[in-house]
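# Structural overview
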Amino acid sequence: MSTTSYNPYEIAQQQFDKVAEKIGLDNATRELLRQPLREYHFLIPVHMDDGSVQVFKGFRVQHNDARGPAKGGIRFHPEETIDTVRALSMWMTWKCSVVDIPLGGGKGGIVCDPRNLSEREQEQLCRGYVRQLARNVGPFTDVPAPDVMSSAKHMLWMLDEYETIHGAKYPGFITGKPVGMGGSLGRTEATGFGVIYVLREALKKLEIDITKTTASFQGFGNVARYAVQLYQQLGGTVIAISCWNQNDKRAYTFRKRDGIDYNALIEITDAFGTINKEKAADLGYEVLPGDAWIEQDVDILVPAALENQITIENVNNISKKVKVILEAANGPTTPDADEVIQGRGIFLIPDFLANAGGVTCSYFEQVQCNMNYYWEKDEVLSKLDTKMTSAFNSVYDLSLSKKMNMRDAAYVIAINRVAQAVKSRGWV
Ligand code: NAD
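Scope of this entry: the structure provided in the associated data block.

Reading the values: rules and limits
Residues numbered from 1 in each chain as written. Predicted model: local features only at pLDDT ≥ 70, side-chain atom pairs only at ≥ 80, totals over all residues. Heavy atoms only, no water. Helix = DSSP H or I, 4+ residues; strand = E, 2+ residues; numbered from the N terminus. Buried < 20%, exposed > 50% of the residue type's maximum accessible area, 1.4 Å probe, protein only. Phe/Tyr/Trp six-rings, centres within 6.5 Å; stacked < 30°, edge-to-face > 60°. Lys NZ or Arg CZ within 6 Å of the ring centre and 35° of its normal. Near = heavy atom within 4 Å. Polar contact = N/O pair within 3.5 Å; in protein donor to acceptor, adjacent residues only side chain to side chain. Domains from an automatic or database assignment. Axes fitted to C-alpha atoms, helices over the stretch in contact; angles between N-to-C directions. Parallel < 35°, antiparallel > 145°, perpendicular 65-115°, else oblique. Left-handed = near helix turned anticlockwise from the far one by under 90°. Contact = heavy atoms within 4.5 Å. Nonpolar A, V, L, I, M, F, W, Y, C, P; charged D, E, K, R; others polar. Pairing = 2+ DSSP bridges. Right-handed = clockwise from strand over helix to strand, strands pointing away.

## Let's talk about unusual backbone geometry
- Look at Asp 100: it is not a glycine, yet its phi comes out positive at around 60°.
- Structurally, Asp 100 is set in the loop between α3 (82-98) and β4 (105-111).
- Residue classification places Asp 100 among the partly exposed residues on the basis of a relative accessible area of 40%.
- Although it is not a glycine, Asn 308 sits at a positive phi angle of roughly 55°.
- Inspection of the secondary structure assignment puts Asn 308 in the loop between β10 (300-303) and β11 (324-326).

## Focus: the packing of aromatic side chains
- Per the counting criterion, the structure on display carries 12 aromatic pairs.
- On the basis of an interplanar angle of 65° and a centroid distance of 6.3 Å, the ring pair of Trp 94 and Tyr 411 is categorised as edge-to-face. Residue Trp 94 is located in helix α3, and its partner Tyr 411 is located in helix α14 (residues 406-424); the two are separated by 317 residues in the primary sequence. Here the two residues Trp 94 and Tyr 411 agree in accessibility, since each one is buried.
- Consider the rings of Phe 193 and Tyr 226, whose centres lie 6.3 Å apart with planes at 80°: the pair is edge-to-face. Within this pair, whereas Phe 193 is found in helix α6 (residues 187-205), its partner Tyr 226 is found in helix α7 (residues 222-233), the two being separated by 33 residues in sequence.
- Here Phe 193 falls in the buried class, since its relative accessible area comes to 9%.
- Chaining the aromatic ring pairs together yields one cluster made of Phe 16, Trp 94, Phe 352 and Tyr 411.
- Directly above the aromatic system of Phe 220 lies the positively charged group of Arg 225, at a separation of 5.9 Å from the ring centroid.
- When the ring centre of Trp 375 is taken as origin, the NZ or CZ atom of Lys 383, which lies over that ring, is 4.5 Å away.

## Quick word on the site of the ligand
- Arg 75, Thr 191, Phe 220, Gly 273 and Asn 330 are the nearest of the 26 residues found near the ligand.
- In the model, an oxygen atom of the ligand is placed 2.8 Å from a nitrogen or oxygen of the Arg 75 side chain.
- Between the ligand and Met 149, the relevant distance is 3.3 Å, taken from an oxygen atom to a main-chain nitrogen or oxygen of the residue.
- At the level of elements, α6, α7 and β7 (237-245) are the ones that each hand at least two residues to the shell around the ligand.
- Of all the elements, β7 adds the most residues to the shell around the ligand, at three residues.
- Residue contributions to the shell around the ligand reach at least three from each of two domains, namely domain 1 (36-169) and domain 2 (188-349).

## Focus: the packing of α6 against helix α13 (residues 377-401)
- Relative to each other, α6 and α13 sit at 45°, their axes nearing to 9 Å. With respect to each other, α6 and α13 are oriented oblique. Like other packed secondary-structure pairs, α6 and α13 cross with a definite hand, here right-handed. Between α6, through Glu 189, Ala 190, Phe 193, Gly 194, Tyr 197, Val 198, Arg 200, Glu 201, Ala 202 and Lys 205, and α13, the contact on the second element is made entirely by Lys 377, Leu 381, Leu 384, Asp 385, Met 388, Thr 389, Phe 392, Asn 393 and Tyr 396.
- Counted by class, the contact of α6 with α13 contains 10 nonpolar, three polar and six charged residues.

## Regarding the pairing of β7
- Among the nine residues in β7, seven count as buried, and that is most of the element.
- Looking at chain direction, strand β6 (residues 214-218) and β7 are connected through five bridges and run parallel. Residue pairing across strands places Thr 214 opposite Thr 237, the latter belonging to β7.
- You can see the chain leave β6, run along α7 and come back into β7, and the turn it takes is right-handed.
- Relative to strand β8 (residues 250-255), β7 runs antiparallel, the two sharing six bridges. Looking across to β8, one finds that Ile 241 is bridged to Phe 254.
- Hairpin connection of β7 to β8: four residues between the antiparallel strands, including Lys 249 at a positive phi of 55°.

## Observations regarding the sheet that holds β4
- Taken in spatial order, the five strands line up as β1-β2-β4-β3-β5 in an open sheet, and their pairing is mixed. Only two strands of the sheet have a single neighbouring strand rather than two, namely β1 (38-47) and β5 (142-146). In this sheet, neighbouring strand axes are inclined to one another by 20° on average, regardless of whether the strands run parallel or antiparallel.
- One ladder, built from five bridges, connects strand β3 (residues 70-77) with β5; its direction is parallel. Across the sheet, residue Ile 74 finds its bridge partner in β5, namely Pro 146.

Structural data, given as structure tokens:
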């Protein structure tokens, strides 16, 4: 699903190789961790509303399950590729490890555009996906969740199909379910809120007052909207948000120099995170080209859309004012752009640390499903805050003591834990 020639899987392997070399990882462990343990490729035929049959491609990749069942979302995207799913499954392994939850890494994808499918067609697609995989996933092997363009509604259809096939109730098979149907309170907000918990900690370390900061976001979907909400609640000001416009097949940036009105913007945003361009203009937003989000004179840039968005072609458009890049999306920065960012001394909070709130809350959802006892929202969010803050501090302390950047420090912690698990199990 990359928008350029950058291959996310090669990037994920490059990042891994660099740190594996730095920590002197033995060859067998390197070989085992630099690629997925298992992957499934399959076809999903769907009877469409017009009577035709359309065949969709599906993937599920289990990168590593030494620390616990594989865990990761299922993306719906017309440009989904196996290499994107491989990279994302690998990042899931590091993500679960860096926040120290007992799960491995997996990821799934369907090459489709749910924006062009009816509710019934979406349901058939979800059920078809599970029919192809039902014997290779499950609460103790691999636990899916929502991701780009998939939601709680899709998870419930998938759960229902899984339970029908296996003839029993398995609420722990999938997370991100609707509240009241085995879902956890706080899961919807968890990734976005988690992103802001680590930002809050970073700003404390950098001695920057959050109430005096401004930010520009790319994306206004599941992750970005809750990140924007909490950031503004803590006193920050969002001046620009970019999102994709499906009708025009291009992205736009919406800017309000004195700060966006969150509630008003949500009112004119659809379920896929598209802000209505005409209504935004009526509300006084400047409508700029899609990539304008990266050029804003702000303190904080938050890529929260897709991978490969900060590249060598646009990294030099980042304003001198920017002090923090908060990677809310997975893999938003290419390695060559990363070097420029590190060279400029911008404090970058890496993706698999910054956006680990979603999987952490998914883990809480599994725990609650297993107990069949559900926590209040405050309890969920407070546990999430504790986990994210603690993970941030461990990475920050290591980055200071070993004089390495935050991405490398996060990798060192994550890889060491997984390497220890594969060794303890006697795999290498
Ligand atoms: P989403 O589908 O809800 O929202 C994506 C947003 O990005 C939308 O607003 C869309 O318009 C925008 N977008 C897409 N292409 C764009 C472009 N070229 N320019 C500008 N905007 C564009 O997805 P999401 O769940 O918010 O996920 C966003 C990122 O966060 C992804 O990288 C995903 O893998 C990652 N992530 C998601 C979760 C989660 O819990 N949902 C957890 C961890 C990581």
